[in-house]
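Chain residues, written in single-letter form:
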Amino acid sequence: MGKTVCVINQKGGVGKTTTAVNLAASVGMKGYRTLLVDIDPQGNATSGFGINKRKLDLSSYDLLTKNAKAKDITVKTEFKNVNVIPSSIDLAGAEIELINMPSRESNLKTALSLIKDDYDFIFLDCPPSLGLITINSLVACDLVLIPIQCEYYALEGLSQLVATIRQVKNLYNKYIDIDGIVLTMYDGRLNLTQQVVEEVKKYFPKKVYSSFIPRNVRISEAPSYGCPVIYYDKKSKGSEAYLSLADEFIKKNKL
C-alpha cells in the first residue's frame with residue numbers, strides 16, 4: 001500500500017503547489033507510481049500538468065461531494081508515472097456542501113482508499129486555508145509536508161497549522177505524522193534567508209529537508225507551459241533542487 005502525502009501551508013505564496021507538482025513529477029520520473037490530487041479550488045496543480053480545468057466532466061469536487069469514484073476522475077498525464085485527479089472552480093462551493101454531510105471529514109479518505117494500492121505515493125495539494133477540504137486531506141494522509149518560504153513571515157500561522165494537525169491526530173487519524181519541512185525561495189546570499197533557516201530548524205528540529213528550493217526563473221516559467229520544471233528545463237537549478245528533494249524524500253520514505 002502506498003503513502004499519502006498532504007502538501008500544506010495555510011499561508012499563500014509559499015511554493016505549496018509548485019512543490020506538490022514538481023515533487024510528484026520528480027518522484028514519478030524516478031520510477032514510482034504517483035498520483036497528484038488537486039483539492040485546491042484554484043486548480044493550479046491541474047494546469048501545472050497541462051490539464052484544461054475548464055473542459056473537465058468530473059473533478060475532485062465530485063470526489064468530495066458526489067461519491068464519484070476516483071478511477072473515473074483520474075487523468076493520465078504525458079509525464080512519466082504521474083496521474084492527476086484534477087480540480088475545478090466547482091470545488092469552491094464544497095466547503096458549504098460538506099458541512100451537513102455525515103462523516104464529512106472522511107470523504108476523501110474513503111474515496112482514495114479504493115485506489116491507494118494502485119500507487120506508491122499520492123500527493124494532495126491543499127488549499128491555503130484550514131477549512132473542511134484541508135481537514136479531509138489531513139484525515140486521508142499518512143504524512144504532512146510543509147513548504148515554508150525563506151522570508152520574514154515564514155513562521156506566521158505555523159503554530160495554528162501544527163495545532164490543527166495535532167487535533168486531527170487525536171480525533172480522526174492517529175497515524176498522521178509531519179514528514180518534513182521544505183524551504184522554498186531560498187537565496188543563500190541573504191542574511192535573512194539564513195536567519196529564517198535557523199528559526200525553522202529551531203521550531204522543527206530534525207524535520208527540515210536539506211534540499212532547499214531556490215528562487216529560479218525556470219520554476220516560475222514552467223506552469224505557463226503546462227509542465228513541471230524538470231520537463232521544461234531539466235538542467236536548471238530549480239530542476240536539480242526538486243530532483244534532489246525527491247531523492248531525499250524517497251530515501252526517507254522507502255516503501
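The rules we used
- Residues numbered from 1 in each chain as written.
- Predicted model: local features only at pLDDT ≥ 70, side-chain atom pairs only at ≥ 80, totals over all residues.
- Heavy atoms only, no water.
- Helix = DSSP H or I, 4+ residues; strand = E, 2+ residues; numbered from the N terminus.
- Contact = heavy atoms within 4.5 Å.
- Areas by Shrake-Rupley, 256 points an atom, 1.4 Å probe, with all protein chains shown as cover.
- Buried < 20%, exposed > 50% of the residue type's maximum accessible area, 1.4 Å probe, protein only.
- Pairing = 2+ DSSP bridges.
- Phe/Tyr/Trp six-rings, centres within 6.5 Å; stacked < 30°, edge-to-face > 60°.
- Lys NZ or Arg CZ within 6 Å of the ring centre and 35° of its normal.
- Axes fitted to C-alpha atoms, helices over the stretch in contact; angles between N-to-C directions.
- Parallel < 35°, antiparallel > 145°, perpendicular 65-115°, else oblique.
- Left-handed = near helix turned anticlockwise from the far one by under 90°.
- Nonpolar A, V, L, I, M, F, W, Y, C, P; charged D, E, K, R; others polar.

**Examining the overall build of the protein**
When helices and strands are counted, the protein shows twelve helices and seven strands. Projecting the C-alpha coordinates of the protein onto the three principal axes gives extents of approximately 50 × 40 × 35 Å. A sequence separation of at least 24 residues applies to 79% of the contacts in the protein between residues at least 6 apart. Summed over all atoms, the accessible surface of the protein reaches about 11,900 Å², with 49% contributed by carbon and sulfur.

**Considerations on the pairing of strand E6 (residues 143-149)**
The buried fraction of E6 amounts to seven of the seven residues, a majority that puts the element mostly inside the structure. Going residue by residue along E6, you find Leu143, Leu145, Pro147 and Gln149 tucked away on one face and Val144, Ile146 and Ile148 tucked away on the opposite face as well. Sheet topology note: the E6/strand E7 (residues 177-184) ladder contains seven bridges and is parallel. The partner of Leu143 across the bridge, within E7, is Asp177.

**A look at the pairing of strand E5 (residues 121-125)**
Most of E5 sits inside the fold, with five of its five residues counted as buried. Burial along E5 is two-sided: the residues Phe121, Phe123 and Asp125 and Ile122 and Leu124 are all buried. Bridge count between strand E1 (residues 3-7) and E5: five bridges; the pairing is parallel. Residue Val7 lies in a different strand from E5, and its bridge partner there is Asp125. Bridge analysis of strand E2 (residues 34-38) against E5 gives five bridges, and the strand direction is parallel. Its bridge partner being in E5, Leu36 is matched across the sheet by Phe123.

**Side note on the packing of aromatic side chains**
Going through the model one piece at a time under the given rule, you end up with ten aromatic pairs. When the ring of Tyr186 is compared with that of Phe212, the centres are 4.5 Å apart and the planes differ by 40°; the resulting orientation is tilted. Of this pair, Tyr186 sits in the loop between E7 and helix H9 (191-203) while Phe212 sits in the loop between H9 and helix H10 (217-221), and the two are 26 residues apart along the sequence. An aromatic cluster of three or more residues is present, and its members are Tyr32, Phe121, Phe123 and Phe249. One Lys or Arg, Lys252, reaches over the ring of Tyr209 and ends 4.7 Å from the middle of that ring.

**Observations regarding the environment of Pro228**
Following the sequence through the fold, Pro228 ends up in the loop between H10 and helix H11 (229-232). In this structure the C-alpha to C-alpha distance between Pro228 and Ala25, which are 203 residues apart in sequence, comes to 6.6 Å. In contact with Pro228, other than residues within four places in its own chain, are Val21, Asn22, Ala25, Gly48, Phe49, Phe79 and Ala222.

**Regarding the packing of helix H1 (residues 16-29) against helix H12 (residues 237-252)**
At a minimum axis separation of 9 Å, H1 and H12 run at an interaxial angle of 70°. By the angle class used here, H1 and H12 are roughly perpendicular. For H1 against H12, the interelement crossing comes out right-handed. Every residue of H12 that contacts H1 at Thr18, Thr19, Asn22, Leu23, Ser26, Val27 and Met29 is listed here: Tyr242, Leu243, Leu245, Ala246, Phe249 and Ile250. Within the contact of H1 with H12, the residues separate by chemical class into nine nonpolar, four polar and no charged.

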